[in-house]
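Structural description and commentary
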Amino acid sequence: MMNNDPIYFDEPHRQFRDNLRRFVEQEIVPKALPWEDAGMVPREVLRTMGELGYLGIRYPEQYGGSALDTVYSAILAEELGRSTFGGFAVTVLVHTDMASPHLANYGNPEQLARHLPGVTRGEKICAVAVTEPDAGSDVAGIRTRAVRDGDHWVLNGSKIFITNGVHADLYFVGAKTDTTAKGSRGISIFIVEKGTPGFRVGRKLNKSGWLCSDTAELVFENCRIPAANLLGQENKGFYQIMRNFQNERIVLGAQAVGEATRGIELTLDYVRQRKAFGATLWDKQAIRQRLAMRASQVAAARQLVYHAAWLDAQGRECIKEVSMVKSLCGELVNDVLYDCQQFHGGFGYMREAAIERMVRDARVQAIGGGATEVMLEEVAKRL
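Source: prediction; values computed, not measured. (Residues numbered from 1 in each chain as written. Predicted model: local features only at pLDDT ≥ 70, side-chain atom pairs only at ≥ 80, totals over all residues. Heavy atoms only, no water.)

Let's shift gears to the overall build of the chain. A count of helical and extended segments in the chain gives 11 helices and 10 strands. Here the chain has a C-alpha radius of gyration of 21 Å; the compact-globule value for 383 residues is 21 Å, and the two agree. The dimensions of the chain, computed from C-alpha atoms along their principal axes, are 80 × 40 × 40 Å. When each of the 383 residues of the chain is scored for burial, the buried share is 55%. (Helix = DSSP H or I, 4+ residues; strand = E, 2+ residues; numbered from the N terminus. Rg over C-alpha atoms; globule rule 2.2 N^0.38 Å. Buried < 20%, exposed > 50% of the residue type's maximum accessible area, 1.4 Å probe, protein only.)

The subject of this paragraph is the side chain of Arg294. Turning to its location among the elements, Arg294 is positioned in helix α8 (residues 285-313). Here the side chain of Arg294 touches Asp339 through a polar contact of 2.8 Å, side chain to side chain. (Polar contact = N/O pair within 3.5 Å; in protein donor to acceptor, adjacent residues only side chain to side chain.)

Moving on, we come to a nonpolar patch on the surface. On the surface, a cluster of nonpolar side chains totalling about 340 Å² of accessible area is made up of Phe347, Tyr349 and Met350. Inspection of the secondary structure assignment puts Phe347 in the loop between α9 (319-343) and α10 (354-362). Looking at Phe347, the relative accessible area reads 33%, which means it is partly exposed. (Patch = residues over 30% accessible without salt bridge, like charges linked within 9 Å, V, L, I, M, F, W, Y side chains within 5 Å. Areas by Shrake-Rupley, 256 points an atom, 1.4 Å probe, with all protein chains shown as cover. Salt bridge = Lys/Arg side-chain N within 4 Å of Asp/Glu carboxyl O.)

The subject of this paragraph is unusual backbone geometry. Although it is not a glycine, Ala67 sits at a positive phi angle of roughly 55°. One can find Ala67 in the loop between α3 (43-51) and α4 (70-81). With a phi close to 70°, Asn235 is a non-glycine residue in the positive phi region. Note that Asn235 resides in the loop between β8 (230-231) and α7 (237-273). A residue is classified by how much of its surface remains accessible, and Asn235, at 23% relative accessible area, is partly exposed.

This paragraph deals with the packing of aromatic side chains. We describe a pair of aromatic rings using the distance from one ring centre to the other and the angle between the two ring planes. Going through the model one piece at a time under the given rule, you end up with 11 aromatic pairs. Between Phe16 and Tyr54 the ring centres are 5.8 Å apart and the planes differ by 75°, which places this aromatic pair in the edge-to-face class. With Phe16 in helix α1 (residues 11-28) and Tyr54 in the loop between α3 and α4, this residue pair connects regions lying 38 residues apart in the sequence. Phe16 sits in the buried class, given a relative accessible area of 11%. When the ring of Phe23 is compared with that of Tyr54, the centres are 6.0 Å apart and the planes differ by 45°; the resulting orientation is tilted. Of the two residues, Phe23 is situated in helix α1 and Tyr54 in the loop between α3 and α4; the sequence distance between them amounts to 31 residues. In textbook terms, an aromatic cluster arises when at least three aromatic residues are bridged by ring pairs, as seen for Phe16, Phe23, Tyr54 and Tyr72. Over the aromatic face of Phe245 sits the side chain of Arg249, whose NZ or CZ is 4.2 Å from the ring centroid. Of note, Arg272 hangs over the ring of Trp282, and the distance from its end group to the ring centre comes to 4.6 Å. (Phe/Tyr/Trp six-rings, centres within 6.5 Å; stacked < 30°, edge-to-face > 60°. Lys NZ or Arg CZ within 6 Å of the ring centre and 35° of its normal.)

Here the focus is helix α6 (residues 109-121). Along its 13 residues, α6 runs 18 Å from first to last C-alpha, staying within 8% of the 18 Å computed at 1.5 Å per residue. Where α6 bends most, at His115, the angle is about 35°, and the proline Pro117 comes one to four residues later. Gln111, Leu112, His115, Leu116, Pro117, Gly118, Val119 and Thr120 are the residues of α6 that are buried. Where α6 is buried, its residues contact α3, α5 (86-106), β1 (126-129), β4 (170-176), β5 (187-193) and β8. Phi for Gly122, located one or two positions after α6, is positive at around 80°. (Expected span 1.5 Å × (residues − 1). Bend = angle between axes of the 7 residues up to and from the residue. Contact = heavy atoms within 4.5 Å.)

On to the nonpolar core, then. Of all hydrophobic cores here, the largest spans 87 residues; its most connected members are Leu80, Phe88 and Phe172. A total of 13 residues in this core trace back to one element, the largest contributor, which is α7. Discounting residues that sit within four places of it in the chain, Leu80 has contacts with Val24, Met49, Phe88, Ala89, Val92 and Leu93. (Core = buried A, V, L, I, M, F, W, Y, C linked by side-chain atoms within 4.5 Å.)

As structure tokens, then:
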């Protein structure tokens, strides 16, 4: 649509982007519709992405990764967003940028050697299980308990809205390990493997959008896990969760920008062909100008996304900028796709239209990973 590449892009960034875009256009877009009905992304697709190096771009080469930085994560997320299948995009991004970073950041050498190569190859798909019925962005409110019993921990509790929850192989579970500690203190993270006795998928959850992403309620009933499965330091889990929030919110912002960009492209194609009252819709000034404004807003948001990603890659403080990214892009993608659907007319309301699916998929961008209102409070504190 336009050359809007950030100043941080060099030739390796463009090459990575172009190869990934080609893969998405050839291997995802023509094949993904049945995945919506199946309620999941086929595991062979994720293994192929692992073989191509897309699932370990931030991880050390000794574990099969590419040792790249946050800017590449943003490129990954933007290009997956362009696929028009938000459920596919978030399946991958939860694995690469929301769940597995807990292992990469805090795993000991034994845990890393055991799990991370399979993660980067797409053989062990990850989920992060923190959210509960009474605790979402308010991580301090979690009630799932873990009690030490000799060489094991015993988990009891439940988790809700867990992306990849039905079909994951590896779960990173937040639980209260010190009930006397106030607020965010006393939380620890545990590695729980699929098939562990006492751990089950309570139910598969049906969503408004993101249909090819599997989402679950998880139940832990006297679930015994080895003490060696404690991830990081006991009672420091809250800080471990907080550390990855910035990465998570950058990729969600980038995904939203990819969706908005692709939505505008599809709409431009449509309005230049669709005729009404003796001319194309593109000939109507109101439509041209609205799309021009939306394209301008998306271009600006994209620059903010990559600026935040660059700051993070440099190790700079960027909570304010990342919170701006998440709140701005989560709202903007909904505004953009509302207009895109409007300009598709009746066809935009049909399930066969990509825009119809994209509208449903975009709605959660203002909710998941930090609701707009929560993000704006983070920004306000730092103004």
